[in-house]
Amino acid sequence: APLKSSLIMVTNSAHEYDYLGARRLIDSGVLPKPDRVAAWLHLGASISVVGYRRRDDGGMERLLTGPQAGVQGLPEFEAHARTAFATAPLMRYRLTGGGLGELGNIVGHGYRGVGLIGGHPSFPFGHTRLDGVASIDPRQLSTIGAGVARLLRLVDQDANTSPA
């Protein structure tokens, strides 16, 4: 069944510059006010990357332990996040507040937010030659994508359920 809620999809750049893209978007006035938004779902960079370790010879070796992603945001989304991502291995949950990075900025402006960040904790190689398609695990990306779809449906159901 189609979602009852409307979706607005945006992409931001310049997160390296104190989340400049997200800040400019929020400050632009083009977004609905926070009280008109059921949830802001943030998909951060590197949500399905694999890990690497440095070999003795200085080269990098891809780890086989699989990628990890972190779910962060407001505590009200934790039950839905755990349900939505139940089949995604190695997920980390940190739904104790607004979140890190862009999501923290979004929640700080009054939006109800939840999102995925990071990937494997041993992937500190953003914006390097290792930060490319070879560092993505397509199976994990598929699993996370299915979880995102489940999370959207759960949030949609909550937003469109009338109190008894």
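Residues numbered from 1 in each chain as written. Predicted model: local features only at pLDDT ≥ 70, side-chain atom pairs only at ≥ 80, totals over all residues. Heavy atoms only, no water.

**Points about the confidence of the model for the protein**
Here's step 1: On average, the protein scores 83 in pLDDT, and the residues at 70 or more come to 87%.
Here's step 2: At the low end of the mean pLDDT range in the protein sits strand β2 (residues 52-54), at 78; at the high end sits helix α2 (residues 78-84), at 93. (pLDDT = per-residue confidence, 0-100. Helix = DSSP H or I, 4+ residues; strand = E, 2+ residues; numbered from the N terminus.)

**Structural notes on the packing of aromatic side chains**
Here's step 1: Taken as a whole, this structure holds one aromatic pair when the rule is applied.
Here's step 2: Ring geometry for W40 versus Y111: centroids 5.0 Å apart, planes at 70°, classification edge-to-face. On the criterion of sequence distance, the pair formed by W40 in strand β1 (residues 40-43) and Y111 in the loop between α3 (101-108) and β6 (113-117) is long-range, its members being 71 residues apart. Taken as a pair, W40 and Y111 share a single burial class, namely buried.
Here's step 3: The side chain of R82 reaches across the aromatic face of Y93, ending 4.1 Å from its centre. (Phe/Tyr/Trp six-rings, centres within 6.5 Å; stacked < 30°, edge-to-face > 60°. Buried < 20%, exposed > 50% of the residue type's maximum accessible area, 1.4 Å probe, protein only. Lys NZ or Arg CZ within 6 Å of the ring centre and 35° of its normal.)

**Focus: the pairing of β1**
Here's step 1: Going residue by residue along β1, you find W40 and H42 tucked away on one face and L41 and L43 left uncovered on the opposite face.
Here's step 2: Both β1 and β6 contribute to a ladder of four bridges, which runs parallel. Within β6, the residue paired with L43 across the bridge is L116. (Pairing = 2+ DSSP bridges.)

**Re the nonpolar core**
General note: in soluble globular proteins, nonpolar side chains tend to be found buried as a group.
Here's step 1: Counting 20 residues, the largest nonpolar core has V71, F85, M91, L116 and I144 as its most contacted members.
Here's step 2: Looking at this core, the elements with two or more residues in it are α2, α3, β6 and α4 (138-159).
Here's step 3: Broken down by element, the residue count for this core peaks at five residues, all from α4.
Here's step 4: Not counting the four nearest positions on each side in its chain, I144 is found in contact with I47, S48, A69, F85 and L116.
Here's step 5: Counting seven residues, the second largest nonpolar core, distinct from the first, contains L25, V37, W40 and I106. (Core = buried A, V, L, I, M, F, W, Y, C linked by side-chain atoms within 4.5 Å. Contact = heavy atoms within 4.5 Å.)

**Brief notes about α3**
Here's step 1: Every buried residue of α3 is accounted for by E102, L103, N105, I106 and V107.
Here's step 2: Against the buried residues of α3 lie α1 (20-28), β1, β4 (70-73) and β6.
Here's step 3: G110 lies just past α3 and shows a positive phi near 100°.

**Looking at the pattern of salt bridges**
Here's step 1: Following the criterion strictly, the structure yields three salt bridges and no others.
Here's step 2: In this structure, D57 and R55 form a salt bridge, with 3.2 Å as the shortest nitrogen-oxygen distance.
Here's step 3: Under the relative-accessibility criterion, D57 is labelled exposed at 61%.
Here's step 4: A salt bridge links E76 to R112, with the shortest nitrogen-to-oxygen separation between them at 2.4 Å. Taken together, the residues E76 in the loop between β4 and α2 and R112 in the loop between α3 and β6 connect sequence positions 36 residues apart. (Salt bridge = Lys/Arg side-chain N within 4 Å of Asp/Glu carboxyl O.)

**Describing the packing of α1 against α3**
The description of two helices packed together rests on the angle between their axes and the distance between the axes.
Here's step 1: Put simply, α1 and α3 touch, their axes get as near as 9 Å, and they point 20° apart. The orientation of α1 with respect to α3, classified from their angle, is roughly parallel. With respect to the hand of their crossing, α1 and α3 are arranged in right-handed fashion. On α3, the residues touching A22, R23 and I26 of α1 are E102, N105 and I106. (Axes fitted to C-alpha atoms, helices over the stretch in contact; angles between N-to-C directions. Parallel < 35°, antiparallel > 145°, perpendicular 65-115°, else oblique. Left-handed = near helix turned anticlockwise from the far one by under 90°.)

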